[in-house]
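Survey of secondary and tertiary structure
The primary structure of each chain is shown beneath.
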Amino acid sequence: MKLTIITLFFSVFTTLPILAQNLLICDNIDPETYSLCEGFIDSDFTNNPTWTGDTEQFIISAEQLKLNSEGTDVVHLVTANERAVATEWQLYVKMSFSPSNNNNLRIYLTSDQEDLEGDLNGYFLQLGENGSSDAIELYKQIGSTTSLVFRGADETVASSPEMRIKVVRDDMGNWETFIDATGDGYVLDGMGSDNELTSSSFFGVVCKHTSGNAAKFFFDDIYIGNAIVDNTPPMILAWSVVDAQTLEVAFSEPIDPTTAENTNLYLLNNNISPTTATLIEPTIVRLSFPSPFTSDGNNILAVSNITDMAGNIMEAFTLEFSFYQAQPNDIIINEIFPDPAPVVGLPEFEFIEIYNRTNAAISLDGWTITDNYPEEGGVFPNVSILPESYLILCSTGDAAAAYQNFGAVLDLSNFPSLNNAGDELTLVSNTGVIVNTVTYSSSWYGDGN
C-alpha cells in the first residue's frame, strides 16, 4: 500500500443560514432605530435589558432563552418596549411538541401592562390551538377580551414548530407576518389591518404548558425596531457538477425567480447559454446545458444581474469548474485486504484501496463498489479523488480511524464483506459504467507476481 497522503475534495454546497444562531444584525444598525435587540449571548436576561415576570421559570441554555418550568402552569416573561407602529418584530421560536389549547404560546408584540396574564391592551401572536390546523394568529386584546385580526396559513405551527417569525406594521395599521422555517429566507404567512392601539410599554411571551412540555419552549434573536432594509446583494457561495451537462449554483440568500430562471444571465465558456435554469430551492439554481462540459480542462461560467428578493443586483461573477467522465480502468482496485487476522503490521480491519490513474480529479459521487452480492455494495458520497492518488475504502467506525495514518480514507456505510477465499469486486460509476473489476483468490498470497 502506498503511504501517500492526499486531500479529498468534498463537492458540496456551503452550509446555508442556520435557524438557531445568534443574529448580529444590531452590530450594523444605528441603536436609535431599535428598542430591543436581544441574542442572549451574555447568558443573562436579568440585565441589559432587564426581563421581569416569572423569571425563576426561565434559564439561558446554549445562548437561548429556555422555559424551565414544571407541572402544569402559565408563565410569562416581559421586558420594556415602547415601539408599536411603523415597527418590525423578529424572533426565533422553537416548541418541541405539537401545540394545543393546553400547550401554546402567546407573543405579546405590544402591551400597556407588565403582567401579561392579566387585563391589558395590546396585540399578540398566538401559536397553538386544538386540532391539527394550528396557524399563527394575530389577536388584539382590550382588557380581558380578545379579537382575531387575521390568521396565517393552516398547519404552520401544527407539529414541533421551529422558525423565525417577522411581523411588520406600518403607520396605517397594516400588519404582515412572515416566517422562515428552513433558513432560506422569510415568506409571507398572513396579513390584516387594525389600528386601534398605537402605543406600548412592554413586549413579552406567555407560555401555557402541561408537565410534559414544561421545558420545551425556546426563544432567541429578538429584534424590535425600524424595518430592516436589505441592501446586500446576493453572492455565489458554491457550485456542484451534477452530471455531464448539469450544474447547480448556490447563492447566499433567496433570489428572485425571474432573474434566477433567465438563461441569458448565465454564459458557459463565453458562448453557451443553458437550455433551462430552474430554481430548485430558494437559494439554488440548476442549470442544464445543450452539450457536455469540456472534459480536458476548466469550464468557465459567467453569472451576472441576478437579484435577491429585495431587488439588490449581484456583482458579475465568474466560476471555474472541472469535469471528467470516468472511463473503464481510469480508477483501478489496486490493493485488497480480506483477511486481517492475525495482525501483522496493519490494523485488524478489511480494506480496499483504489488508485486514480488519470491526471484529472474524478468525482465519486453516487459510485458503488460491490462484491458477488450487489445488495452489500457501498455507495460513495459526494467526494472526489485527486489525480494519480490513492484512496483507502473501509467500513464505518473503528476501521476508518485505524487507517488514518496510512493515507486518505473513506468509510462506506455498506462496505462489502470481503471473503477470505476469494471474491469479485466491481467499481461502478454513477452512470453505470463498470470502471474496474477484480476477481481475487487466496491463491494469490505468496505468488511472485
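Everything below is about the structure shown above.
What comes next concerns the included structure.

Conventions adopted
Residues numbered from 1 in each chain as written. Predicted model: local features only at pLDDT ≥ 70, side-chain atom pairs only at ≥ 80, totals over all residues. Heavy atoms only, no water. Pairing = 2+ DSSP bridges. Helix = DSSP H or I, 4+ residues; strand = E, 2+ residues; numbered from the N terminus. Axes fitted to C-alpha atoms, helices over the stretch in contact; angles between N-to-C directions. Core = buried A, V, L, I, M, F, W, Y, C linked by side-chain atoms within 4.5 Å. Buried < 20%, exposed > 50% of the residue type's maximum accessible area, 1.4 Å probe, protein only. Contact = heavy atoms within 4.5 Å.

**Notes on the sheet that holds strand β23 (residues 317-322)**
- What the three strands build is an open sheet, ordered β19-β22-β23; its pairing is antiparallel. Among the strands making up the open sheet, the edge pair consists of β19 (266-268) and β23. The average undirected angle you get between the axes of adjacent strands in this sheet is 20°.
- As paired elements, strand β22 (residues 298-303) and β23 share six bridges and run antiparallel to each other. Opposite V303, over in β23, you have F317 as the bridge partner.

**Overview of the nonpolar core**
- Judged by nonpolar contacts, the single largest core of 38 residues is most densely connected at L105, I107, L127, I165 and F219.
- Other than its neighbours up to four places away in sequence, I165 contacts W89, Q90, L91, V93, I107, L125, L127, I136, F178, I179 and Y186.
- Formed by 24 residues, the second largest nonpolar core is a distinct cluster that contains L364, I369, L427 and Y440.

**Things to note about the sheet that holds strand β25 (residues 351-356)**
- Strands sit in the order β24-β25-β30-β31 across an open sheet of four strands; the sheet is mixed. Sheet topology places β24 (331-337) and β31 (409-412) at the edges, where each strand pairs with a single neighbour. Within the sheet, the average angular offset between the axes of one strand and its neighbour, ignoring direction, is 25°.
- In this sheet, strand β30 (residues 390-395) lies alongside β25 in antiparallel orientation, the contact comprising four bridges. If you follow E353 over to β30, its bridge partner there is I392.

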